Amino acid sequence: MGSRAAGRLEPVPAAATPGRATFLELFFDLVYVFALTRISARAFEDLTQDPGSQHAWGTVTGSGKTLLLLLALWAVWQGTAWTTSRYDPYKVPLQTVVITALVCSMVMGVAIPRAFTDTALMFAVAYVVAQVTRPVILSVALGAHPYRRLKVRMAVIYAVSGVLWISGAMLSTDAQVALWSTALAFEYLAARCGWPVPGLGRSRISRWEIAGEHLAERYQQFFLVALGETILVAGFSYSRGPYETGHAWAFALALATSIMLWRIYVQRAGRILGEAVTKARHPATVGRSASDTHLVMVVGLAATAIGYELIIEHPLERIPGAWLALVLGGPALFLAGRSRLEYEVFSRVSPSRWIALLVLVASAVPLLFLPGVVATALGAVVLAAVVVADARRAHGAPPEPASPPF
């Protein structure tokens with residue numbers, strides 16, 4: 001690492017051969033295995049221990065708060081992934097950024113279960129430190145490079161939003177949710193508008209240089225982290241017992257569902273996302289679109305994992321609508337995101353995905369009157385049908401090349 005770590009930080013050339021994710025980046029991802037399990041545990045606790053959470057308004061507010069925490073975790077991971085895809089990840093400043101994000105993400109994960117009560121300030125400070133230190137470190141490391149101006153603007157934006165995060169952590173829950181939601185929306189809009197700051201200008205994403213295949217690989221890896229979390233949740237839930245027939249069926253169906261989710265993702269768009277990014281006229285534009293797509297799929301996987309835990313513990317009971325929304329809504333969200341990924345890679349969407357979405361939605365009402373394990377079984381069957389349709393379409397045909405619409 002010695003020679004590569006020396007010298008001034010420079011953006012990767014647009015035509016550079018991308019490197020694989022470093023061990024430090026993969027180590028960073030491991031923190032998110034833990035953090036995502038805390039997200040699932042928090043949602044499960046809300047749905048099973050708080051009687052009010054099973055009512056419509058309680059479900060909306062509880063789910064909204066959990067989603068807010070997940071979006072904050074995603075923001076830190078995505079900012080770090082983009083950074084290592086724009087600059088040499090073996091440089092000391094980049095490794096400092098990744099290690100800082102790793103520590104902060106771990107603190108955020110620890111704080112998640114009580115993030116709206118006892119550990120609110122812990123979560124907020126960790127988030128703000130992760131987001132502010134990244135552009136500050138990069139602005140120093142870049143020296144007189146033109147990109148330094150962008151990092152200064154980003155630091156200003158995150159410092160302003162940081163006031164909302166930390167102020168919200170010291171207020172009542174309702175005010176906290178309002179301020180944290182405002183802060184996230186402010187950061188999202190700022191990123192979409194090129195990080196505009198009065199007197200410092202703004203930038204266009206189409207001009208950003210990134211190692212497109214490296215960024216695509218990072219999204220694929222995070223998807224696997226989220227998918228692995230579904231396996232962990234199913235395993236932890238079943239290992240608590242009892243090991244009766246209904247629980248065993250729920251566990252088996254959960255494993256089958258995770259396998260189907262993996263198969264649908266990699267066939268074939270998820271496998272060649274990097275090719276699509278590099279073929280695009282503006283790789284950064286496809287990269288940002290793929291970010292939103294993977295966020296939808298990750299939210300779907302998180303909901304699916306929560307559904308696993310609920311059904312494994314209560315397989316033969318009729319489940320409330322809030323639980324059914326997770327059991328069916330998780331796979332539905334995944335399919336919606338996967339449909340968008342297919343469009344980003346091939347400029348089209350297979351009919352099987354929309355048909356599967358319609359079946360999941362249409363089956364919601366009758367499933368309210370049946371045991372929860374039936375809902376899990378239906379989800380697995382629908383996903384299996386999509387897998388079969390994909391296999392039939394690809395059988396005997398040459399591998400389809402990427403053809404991004406951007």
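Each remark here, short or long, concerns the structure printed above.
Since the model is a prediction, treat every value here as computed from it, not as a measurement. (Residues numbered from 1 in each chain as written. Predicted model: local features only at pLDDT ≥ 70, side-chain atom pairs only at ≥ 80, totals over all residues. Heavy atoms only, no water.)

Draft legend 1. Focus on a nonpolar patch on the surface. The grouping of L121, V125, V129 and M170 at the surface amounts to a nonpolar patch, some 330 Å² of accessible area in total. Of note, V125 is situated in helix α5 (residues 120-141). Note on V125: relative accessible area 35%, which makes it partly exposed. (Patch = residues over 30% accessible without salt bridge, like charges linked within 9 Å, V, L, I, M, F, W, Y side chains within 5 Å. Areas by Shrake-Rupley, 256 points an atom, 1.4 Å probe, with all protein chains shown as cover. Salt bridge = Lys/Arg side-chain N within 4 Å of Asp/Glu carboxyl O. Helix = DSSP H or I, 4+ residues; strand = E, 2+ residues; numbered from the N terminus. Buried < 20%, exposed > 50% of the residue type's maximum accessible area, 1.4 Å probe, protein only.)

Draft legend 2. Up close: the pattern of salt bridges. As enumerated under the stated definition, the model contains 16 salt bridges in all. Linking E275 and K279 is a salt bridge whose minimum nitrogen-to-oxygen distance equals 3.4 Å. Pair noted here: E275 and K279 are both in helix α10 (residues 273-279), with a separation of 4 residues, about one helical turn. You can call K279 partly exposed: its relative accessible area is 46%. Between R340 and E344 there is a salt bridge whose closest N-O contact spans 3.2 Å. Here the residue R340 and the residue E344 both occupy positions in helix α12 (residues 321-346), the gap between them amounting to 4 residues, near one helical turn. Overall, R340 belongs to the partly exposed group, its relative accessible area being 37%.

Draft legend 3. Inspection of the packing of aromatic side chains at higher detail. In total, this model carries 16 aromatic pairs according to the counting rule given. Taking the centre distance of 5.2 Å and the plane angle of 75 degrees together, the rings of W74 and F222 count as edge-to-face. Separated by 148 residues along the polypeptide, W74 in helix α3 (residues 56-86) and F222 in helix α8 (residues 212-239) bring together distant segments of the chain. For W74, a relative accessible area of 6% puts it in the buried group. In this structure F222 comes out as buried when scored by relative accessible area, which is 3%. Here the aromatic cluster, defined as three or more aromatic residues joined through ring pairs, consists of F28, Y32, W74, W77, Y219 and F222. The ring centre of F116 lies 5.6 Å from the NZ or CZ of K65, which sits over that ring. (Phe/Tyr/Trp six-rings, centres within 6.5 Å; stacked < 30°, edge-to-face > 60°. Lys NZ or Arg CZ within 6 Å of the ring centre and 35° of its normal.)

Draft legend 4. Representation of the nonpolar core in the model. Among the nonpolar cores identified, the biggest contains 106 residues, and Y32, F123, Y127, W165, W180 and V345 are the most heavily contacted of them. In terms of residue count, the dominant contributor to this core is helix α11 (residues 283-313) (15 residues). Shared between two domains, this core holds at least three residues of each, these being domain 1 (23-193) and domain 2 (212-394). Non-local contacts of W165, meaning those with residues more than four positions away in its chain, are made with A72, F123, A124, Y127, V128, W180, A183, L184 and E187. If you look at the next biggest cluster of nonpolar residues, it comprises 8 residues, including L9, L94, L138 and A141. (Core = buried A, V, L, I, M, F, W, Y, C linked by side-chain atoms within 4.5 Å. Domains from an automatic or database assignment. Contact = heavy atoms within 4.5 Å.)

Draft legend 5. The environment of Y87, seen in detail. Relative to the elements of secondary structure, Y87 occurs in the loop between α3 and α4 (92-111). Look at Y87 and you get buried, because its relative accessible area is 0%. Note: C-alpha distance between Y87 and A211 (124 residues apart in sequence) is 8.4 Å.

Draft legend 6. Molecular detail of the side chain of H294. With respect to the secondary-structure elements, H294 resides in helix α11. Separated by 2.7 Å, the side chains of H294 and Y265 make a polar contact. Setting aside anything within four residues of it in sequence, one finds H294 in contact with W74, Y219, Q220, F223, Y265, L273 and L341. (Polar contact = N/O pair within 3.5 Å; in protein donor to acceptor, adjacent residues only side chain to side chain.)

Draft legend 7. Spotlight on unusual backbone geometry. Residue P242 follows G241 across a cis peptide bond; omega there is -5 degrees. Relative to the assigned elements, P242 resides in the loop between α8 and α9 (245-266). The omega angle of the peptide bond from Q267 to R268 is -20 degrees, so this bond is cis rather than trans. Of note in this structure, W195 is not a glycine but carries a positive phi near 55 degrees. Take W195: it is sitting in the loop between α7 (173-192) and α8. With relative accessibility at 5%, the residue W195 sits in the buried group. Positive phi, close to 65 degrees, is recorded for S347, a residue that is not glycine. Exposure remark for S347: the relative accessible area of 31% places this residue in the partly exposed category.

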